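Each chain, letter by letter, is given below.
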Amino acid sequence: MTAKKAAAKKTTAKKAASKKTAAKKTAAGKTSAKKTVAKKTAAKKTVVKKAAVKKTVVKKAAVKKTVDAKAAETQATEKKVVVKDASGQPVATELLGPEEGRWNPNIFVFACNWCSYAGADTAGISRIQHQPHFRTIRVMCSGRVHPGFVLRALEKGADGVLVSGCHIGDCHYISGNERQLEHFEITKRLVHLIGLEPGRVRLEWISAAEGPRWAKIINEFTDQIRALGPSPLKGEKDERRAG
Ligand code: FES
C-alpha cells in the first residue's frame, strides 16, 4: 500500500514536471513569436521610413528641376546688357531677348549719313550691345526717304522699317528732316491702306553723338516688331511664288 502510494506520488510529480516543461515551452514559444512580430513590425517601420526618405528625395529633386528649369528659362528670355556712353560710363541697362528658339524680325533702317549713321558708328565704336536683326541703308539725308522706299522695303520682306535722321534744326541740308516729317505722314497712311499695322514703321531723330540712343531705339523697335510678328506681306509673297 505504501509502495503503491509512493508510485502514485512519483507519477503525479512526473506529470507536474512535464506540465511545467510544457508550460515553459509554451511560454518560450509565445515569447519568440512575440519577438518575431516585434521584429517584423520594426522591419516594416524601417521600410516605411525608407520610402518616406525616398519620397522626400524625389520631391526635392523635382523642386530642384523646376527651379533649374525656371532659371534656364529666365536666362534664355532675359539677357541684361549695360549701355555705356562714348567715355565708357554706364547710362542704362537693357534687356535683350535670346537669339535662339525665337523668331527674329527682318528690319530695314534708313539712316542719314551725317547724324543717324554716325550715331550707329558711335554705338559700334563704344561697343554698345544691341539687337542685330536689322540692315542699315545709308542715305545722304532723311528727306531722301520717299514713302515709296518704305513700301518697297516692306514688299521686299521687311517686317519693320525705321527711318532716322538728324534732330530738327540740325539737318545738313537745312530742312531735309522737316520734309521727312511730311513724307512720314504719307508713309503711315499708305502702310495703313495696305493693311499693315502702323507700328511696323517708325521715325526717329538720332544725332552722331547718340550711340546709346541708337542702341535703345534699335532694341525697342526690334521688340516692337517681334511682338507684331512676321509681316503678312511675306505670306502673300510666298503664296504668289507658289501660285
Ligand atoms: S542730313 Fe540728316 S536729316 Fe538731313
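Parameters and conventions
Residues numbered from 1 in each chain as written. Predicted model: local features only at pLDDT ≥ 70, side-chain atom pairs only at ≥ 80, totals over all residues. Heavy atoms only, no water. Salt bridge = Lys/Arg side-chain N within 4 Å of Asp/Glu carboxyl O. Helix = DSSP H or I, 4+ residues; strand = E, 2+ residues; numbered from the N terminus. Buried < 20%, exposed > 50% of the residue type's maximum accessible area, 1.4 Å probe, protein only. Expected span 1.5 Å × (residues − 1). Contact = heavy atoms within 4.5 Å. Disulfide = S-S within 2.5 Å. Pairing = 2+ DSSP bridges. Axes fitted to C-alpha atoms, helices over the stretch in contact; angles between N-to-C directions. Polar contact = N/O pair within 3.5 Å; in protein donor to acceptor, adjacent residues only side chain to side chain.

A.B. asks: What should I look at first to understand the pattern of salt bridges in this one?
C.D. replies: For side chains bearing opposite charge, pairing can occur when the charged atoms are close. Summed over all chains, the structure comprises 9 salt bridges. Taking the shortest distance from any N to any O, the salt bridge between Glu155 and Arg152 comes out at 3.1 Å. Taken together, the residues span about one helical turn, with Glu155 and Arg152 both in helix α3 (residues 147-155) at a distance of 3 residues. Since its relative accessible area comes to 38%, Glu155 is described here as partly exposed.

A.B. asks: I tried to follow helix α4 (residues 176-193) on my own but got confused; where do I start?
C.D. replies: Each full turn of the α-helix corresponds to 3.6 residues, which orients residues three or four apart in the same direction. Taking 1.5 Å of rise per residue, 18 residues should cover 26 Å, and α4 covers 25 Å from first to last C-alpha, within 8% of that figure. Taken together, the buried positions of α4 are occupied by Gly176, Asn177, Gln180, His183, Phe184, Thr187 and Val191. Residues of α4 that are buried make contact with α3, β5 (160-165) and β6 (201-205). After α4 finishes, the residue Gly195 shows a positive phi value of roughly 90°.

A.B. asks: Sorry if this is basic, but what is going on with the state of the cysteines here?
C.D. replies: A covalent bond between the sulfur atoms of two cysteines is referred to as a disulfide. By the definition in use, this model includes 1 disulfide. Across the disulfide from Cys115 sits Cys166; the S-S distance is 2.5 Å. A torsion of 100° about the S-S bond marks the disulfide between Cys115 and Cys166 as right-handed. One end of the pair, Cys115, is in the loop between β3 (107-112) and α2 (116-125); the other, Cys166, is in the loop between β5 and α4, with 51 residues separating them in the sequence. For the pair Cys115 and Cys166, a shared accessibility class is recorded, and that class is buried.

A.B. asks: Please clarify how the sheet that holds β6 should be interpreted in this entry.
C.D. replies: Each strand in a sheet pairs with another by means of backbone hydrogen bonds, the pair being arranged parallel or else antiparallel. Strand order across the open sheet formed by 4 strands is β4-β3-β5-β6, with parallel pairing between neighbours. Bordering the open sheet on either side are β4 (134-139) and β6, each of which pairs with just one other strand. If you compare each strand with its neighbour and ignore which way they point, the axes differ by 20° on average. Two strands pair when backbone bridges link them, and β3 and β5 are joined in this way by 5 bridges, in the parallel orientation. Residue pairing across strands places Ile107 opposite Gly160, the latter belonging to β5. Running at roughly 110° to β3, α2 makes contact with β3, β4 and β5 of the sheet.

A.B. asks: What's the story with unusual backbone geometry in this structure? I'm lost.
C.D. replies: What you tend to see is this: most non-glycine residues have negative phi, and most peptide bonds are trans. If you check the backbone angles, Arg127 has positive phi at about 55° while not being a glycine. Take Arg127: it is sitting in the loop between α2 and β4. Judged by its relative accessible area of 75%, Arg127 falls in the exposed class. Phi at Ile174 takes a positive value of approximately 70°, unusual for a residue other than glycine. Looking at the secondary structure, you find Ile174 in the loop between β5 and α4. Residue Ile174 is classed as exposed on the basis of its relative accessible area of 69%.

A.B. asks: Would you take a moment to explain the side chain of Ser126 for this structure?
C.D. replies: The topology assignment puts Ser126 in the loop between α2 and β4. Here Ser126 falls in the buried class, since its relative accessible area comes to 16%. Among the polar contacts listed, one links the side chain of Ser126 to the backbone oxygen of Thr122, at a separation of 2.6 Å.

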